[in-house]
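# Analysis of the macromolecular model
Residue strings, one per chain:
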Amino acid sequence: CTTLTRTFVTSSAAWKQNLTLYTKDGCGLCDNAKKVLEDVFANGNVQNQQDVEYVQVDITKPENKEWWDAYCFDIPVVHINKKDQTKPVKFMHYLFEDKIVEALNK
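Residues numbered from 1 in each chain as written. Predicted model: local features only at pLDDT ≥ 70, side-chain atom pairs only at ≥ 80, totals over all residues. Heavy atoms only, no water.

### Observations concerning the overall build of the chain
Counted only if it meets this: Segments assigned H or I by DSSP are reported as helices when at least four residues long, segments assigned E as strands when at least two residues long, and all are numbered from the N terminus. Think of it in three bands: residues with accessible area under 20% of the maximum for their type are buried, residues over 50% are exposed, and the middle band is partly exposed, with areas taken using a 1.4 Å probe on protein chains only. By definition in these notes, contact holds between two residues if any of their heavy atoms fall within 4.5 Å.
Across its full length, the chain holds 3 helices and 5 strands. Along the chain, helices and strands appear, N-terminal first, in the series β-β-α-β-α-β-β-α. Counting across all 106 residues of the chain, residues that qualify as buried make up 40%. Of the contacts made within the chain by residues no fewer than 6 positions apart, 67% connect residues no fewer than 24 positions apart.

So this is what it looks like as structure tokens:
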């Protein structure tokens with residue numbers, strides 16, 4: 001399996017936001033980022049959390065070469081995509097719970 005998907009969407013409507021964590025095994029900063037994201041979703045501070053799709057992408061998998069080329073020296077990287085925006089909000093290296101929550105709640 002190349003991605004881990006944790007979908008909070010509970011209604012028949014499609015997700016309104018997508019949070020993607022670009023990661024790889026053996027990356028200490030990635031482990032920290034995963035913990036921050038667990039806390040983001042566990043603490044209940046995200047409005048409309050049911051509309052957020054959370055995906056982890058292992059950039060070392062051959063099918064994810066595009067992301068390896070883009071982020072091999074920059075992981076962890078988070079993209080927050082919303083249906084009404086053309087470019088994702090990006091966070092790199094160090095993640096802070098309050099900043100992620102703020103971006104998701106905008």
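### Structural notes on the side chain of Asn64
Put simply, the test is: In the analysis that follows, any N or O atom pair within 3.5 Å is treated as a polar contact, provided that within protein one partner can donate a hydrogen and the other can accept it, and provided that, for residues neighboring in sequence, both atoms belong to side chains.
Relative to the assigned elements, Asn64 resides in the loop between strand E3 (52-58) and helix H2 (65-71). A distance of 2.8 Å separates a polar side-chain atom of Asn64 from the backbone oxygen of Asp58.

### Observations concerning the pattern of salt bridges
When their charged atoms lie close together, side chains carrying opposite charge are able to pair. Applicable threshold: What makes a salt bridge here is a side-chain nitrogen of Lys or Arg within 4 Å of a carboxyl oxygen of Asp or Glu, nothing more.
In this structure the tally under the stated criterion is 3 salt bridges. Here Asp51 and Lys16 are joined by a salt bridge, their closest N and O atoms 3.8 Å apart. Of this pair, Asp51 sits in the loop between helix H1 (28-42) and E3 while Lys16 sits in the loop between strand E1 (3-7) and strand E2 (17-23), and the two are 35 residues apart along the sequence. In this structure Lys16 comes out as partly exposed when scored by relative accessible area, which is 48%. Among the salt bridges present, the one from Asp39 reaches Lys35, with a minimum N-O distance of 2.7 Å. In this pair, Asp39 and Lys35 are both assigned in helix H1, 4 residues apart and thus about one turn of the helix distant.

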